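# A structural walkthrough
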Amino acid sequence: AEERKQWYQRRVRGKNLQHWEQKGPTQEPRYGQMNQNADVNVAANALGKISLLDNQPEQTVTESDFMKTAAAGHRGVRDNLEARLRNLQYVRTVWSKGDLKQALEVAISLDDQGITVDILQVIQSRPAIWDLHICTIVLPALRTLFHSKHENHLFVACSTLKHIIKSFGQLIKDNLNAPPVGNIDITREERYKKCHLCHQQIANISREITRHSGAQGKLGSAIREIIKLSENFY
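Residues numbered from 1 in each chain as written. Predicted model: local features only at pLDDT ≥ 70, side-chain atom pairs only at ≥ 80, totals over all residues. Heavy atoms only, no water.

## Observations concerning the overall build of the protein chain
In terms of regular secondary structure, the protein chain is built from nine helices and zero strands. Overall, the protein chain shows an N-to-C arrangement of helices and strands of α-α-α-α-α-α-α-α-α. Surface accessibility of the protein chain: about 16,900 Å² in total, with carbon and sulfur atoms responsible for 52%. (Helix = DSSP H or I, 4+ residues; strand = E, 2+ residues; numbered from the N terminus. Areas by Shrake-Rupley, 256 points an atom, 1.4 Å probe, with all protein chains shown as cover.)

## Structural notes on the pattern of salt bridges
Throughout the structure, instances matching the rule amount to four salt bridges. Residues arginine 84 and aspartate 112 are paired through a salt bridge, measuring 3.3 Å at the closest nitrogen-oxygen approach. A residue pair is termed long-range when its members are at least 10 positions apart, and arginine 84 in helix α3 (residues 63–96) and aspartate 112 in the loop between α4 (100–109) and α5 (113–124) qualify at 28 residues. Judged by relative accessible area, arginine 84 falls into the partly exposed class, the value being 30%. Residue lysine 162 is joined to glutamate 225 by a salt bridge in which the shortest nitrogen-to-oxygen separation is 3.0 Å. Taken as a pair, lysine 162 in helix α7 (residues 151–177) and glutamate 225 in helix α9 (residues 217–233) lie far apart in primary sequence, 63 residues in all. On the accessibility criterion, glutamate 225 (34% relative accessible area) is partly exposed. (Salt bridge = Lys/Arg side-chain N within 4 Å of Asp/Glu carboxyl O. Buried < 20%, exposed > 50% of the residue type's maximum accessible area, 1.4 Å probe, protein only.)

## Things to note about the packing of helix α6 (residues 132–145) against α7
At their nearest, the axes of α6 and α7 sit 10 Å apart, and the two run at 145° to each other. α7 is crossed by α6, and the crossing has left-handed handedness. Touching Leu132, Cys135, Val138, Leu139, Leu142 and Leu145 of α6 are His153, Leu154, Ala157, Thr160, Leu161, Ile164, Phe168, Leu171 and Ile172, all from α7. Each residue belonging to the contact of α6 with α7 can be placed in one class, and the counts come to 13 nonpolar, two polar and no charged. (Axes fitted to C-alpha atoms, helices over the stretch in contact; angles between N-to-C directions. Left-handed = near helix turned anticlockwise from the far one by under 90°. Contact = heavy atoms within 4.5 Å. Nonpolar A, V, L, I, M, F, W, Y, C, P; charged D, E, K, R; others polar.)

## Section: the state of the cysteines
A complete count under the given rule lists zero disulfides for this structure. Cysteine 135 takes part in no disulfide bond, and the closest cysteine sulfur, belonging to cysteine 198, lies 5.0 Å away. Of the residues examined, cysteine 135 reaches a relative accessible area of 0% and is grouped as buried. Residue cysteine 195 stays outside any disulfide, its sulfur separated by 6.5 Å from that of cysteine 198, the closest cysteine. Note on cysteine 195: relative accessible area 0%, which makes it buried. (Disulfide = S-S within 2.5 Å.)

## Re the confidence of the model for the protein chain
Mean pLDDT for the protein chain: 77, with 72% of residues reaching 70 or above. Across the protein chain, element-level confidence peaks in α6 with a mean pLDDT of 95 and bottoms out in helix α2 (residues 33–54) with 43. Long-range and interchain partners of residues 19–55, a stretch whose pLDDT sits below 50, account for four contacts in this model, where long-range means more than four residues apart. (pLDDT = per-residue confidence, 0-100.)

## Examining unusual backbone geometry
With a phi angle near 55°, aspartate 111 is a residue other than glycine that sits in the positive phi range. Structurally, the position occupied by aspartate 111 is in the loop between α4 and α5.

In structure tokens:
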């Protein structure tokens, strides 16, 4: 039995030696390599467990859902633009009949700041059509525009008010300093009333726009210029 045991041990050592000669000696891991591999394995196992426990199906947006959402937003914009186009066409129809003042009143009565801005930009390019009556129509709309959150609306309001003060400021001051007295002069009285109304409206706007005086950039400069013009106006 002892001889058989020794024979078996020699056979096992021979196989190990043969395996070592064929594969080469096992390389000892460098310092830290074993720990790194262990860490990677632990992390991989942990990640696998997390993915098995918490792997929830991702919500995917189909092309059909995307098109429905885009179409819904598109319809809202399209409806607004179509409504504005209809209103502008109506204002243009009234204006084409030669009644600019009524066209302005219609445009402002629509309560659409976009249309008001469009009309103001058109008439600013035609200074010859302005008079005191148009000023009395436009100034209340400017007061509303100065409360707008849109910078473009504020720019248009500033440029329009600047045009009114520079073009009619002296006329308004002269008429207020010489009110009609004595004989009845309807034309002069009407002009005085319009000047007085314009003066009040400009004063109201000037007080309100001071809250924008700290604005930065071109808008701030435009507002501060209006405030300075208004101070000189009085």
